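Survey of secondary and tertiary structure
Each chain, written out:
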Amino acid sequence: MRRLIRSLAALVLLTAATLVGAGTASTAAADSCYTWNRTLSQGSTGEDVRQLQIRVSGYPAYGEVLALDGSYGPATRAAVQRFQQAYGLSADGVAGPATFGQIYALQSPDCTPIHFSYAELNRCNTTWAGGAVSAATARQNALVSMWKLEALRHALGDRPITVSSGFRSVACNNAVGGAANSRHLYGDGVDLTGTPSFCTLAQRARHHGFNEILGPGYPGHNDHTHVAHRSSRFWSAPSCGI
């Protein structure tokens, strides 16, 4: 029902945008999470670009990670194109009303994607405190991971993905025997279980902006697939050919 309401809202937005005209530089309606007020394209800069980058961070090139730097360069344009292609939009790499309308349909009022939540990404505590970074940074890192997971979920045919573990404080990490340098302490580490298979998750995650992917065949990861962000790529799921 929630998804249907958001989809109907997006349809109203897109209809209004059509009536205003394809050349408009602003959106036709406000969104309860974040509203883009201008069309963005290569060369644009600003916080609105960074907010767009967060939403399309799951659509970089294979093995790449999209920089969230507020600068609309070639990589951002390509990510926007992939996002547009994924949702059947005109893939021109320009973020205008149709692109923003699709994003509005995909996000909740707290800016999380509709199929994931802060509560799901943090079963440790309610404050996001006690990890390796500030609570605000851990929460922001989790938000970016959720948008990448939304892209992964859509690429898998909108099949539900189960999150078994997300952010951990040092105390929570120690309690489960996590590594001292675990990405869970930073808020961007996510363990995935359920269906599809662990190997399918690990293999497909390579296309959606995760620099760290651990799965079957890697010590301690035969019963889940782990995805995260880190400064350099580290993929290891030997049983899956990774």
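The paragraphs below set out a description of the structure included in this document. (Residues numbered from 1 in each chain as written. Predicted model: local features only at pLDDT ≥ 70, side-chain atom pairs only at ≥ 80, totals over all residues. Heavy atoms only, no water.)

1. Re the state of the cysteines
Here, disulfide denotes a covalent bond that connects the sulfur atoms of two cysteines. Going by this rule: Note on disulfides: each one is a pair of cysteine sulfur atoms within 2.5 Å. In DSSP terms, a helix is any run of H or I states spanning at least four residues, a strand is any run of E spanning at least two, and both are numbered starting from the N terminus. Relative accessibility under 20% of the residue-type maximum defines a buried residue, over 50% an exposed one, and the middle range a partly exposed one, all with a 1.4 Å probe and only protein chains included.
Counted according to the given criterion, the structure contains 3 disulfides. A sulfur-sulfur separation of 2.1 Å characterises the disulfide bridge that pairs Cys124 with Cys172. Sign of the S-S torsion, about 90° for the bond between Cys124 and Cys172, identifies this disulfide as right-handed. Remark: Cys172 occurs in helix H7 (residues 170–175) and Cys124 occurs in the loop between helix H5 (118–121) and helix H6 (135–155); sequence separation between them is 48 residues. Exposure remark for Cys172: the relative accessible area of 24% places this residue in the partly exposed category. With its sulfur 2.0 Å from that of its partner, Cys199 forms a disulfide with Cys240. Residues Cys199 and Cys240 are joined through a disulfide that is left-handed, its torsion about the S-S bond being -75°. With Cys199 in helix H8 (residues 198–205) and Cys240 in the segment after strand E5 (234–236), the pair connects residues that are 41 residues apart, well separated along the chain. Among the residues examined, Cys240 registers a relative accessible area of 9% and is labelled buried. Listing the disulfide partners of the chain by sequence rank of the bonded cysteines yields 1-2, 3-4, 5-6.

2. What to know about the sheet that holds strand E4 (residues 225–228)
Within a sheet, each strand pairs with its neighbour through backbone hydrogen bonds, oriented either parallel or antiparallel. Worth spelling out the cut-off: The criterion for strand pairing is that DSSP finds at least two bridges linking the strands in question. Between N-to-C directions, angles cover 0 to 180 degrees, with each direction set by a line fitted to C-alpha atoms, over the stretch in contact for helices. Here a residue-residue contact requires only that any non-hydrogen atoms of the pair lie within 4.5 Å.
In space, the 5 strands of this open sheet follow the order E1-E2-E4-E3-E5, with mixed pairing throughout. Each edge of the open sheet carries a strand with a single partner, namely strand E1 (162–165) and E5. Adjacent strand axes in the sheet meet at a mean angle of 25° when their direction is disregarded. Note: strand E3 (residues 212–214) against E5, 3 bridges, orientation parallel. Opposite Leu214, over in E5, you have Ser236 as the bridge partner. Across the sheet, H6 lies against E1, strand E2 (190–193) and E4, angled at about 30° from E2, the strand it touches most. Along the sheet, H8 makes contact with E2, E3 and E4, crossing E4 at roughly 20°.

3. Details of the pairing of E2
Neither face of E2 is open: one carries Val190 and Leu192, the other Asp191 and Thr193, and all of them are buried. When E1 meets E2, the two strands line up antiparallel, connected through 3 bridges. By the bridge assignment for E2, Thr162 is matched with Thr193. Across 3 bridges, E2 lies against E4 in antiparallel orientation. Counterpart to Asp191 in the pairing with E4 is His226.

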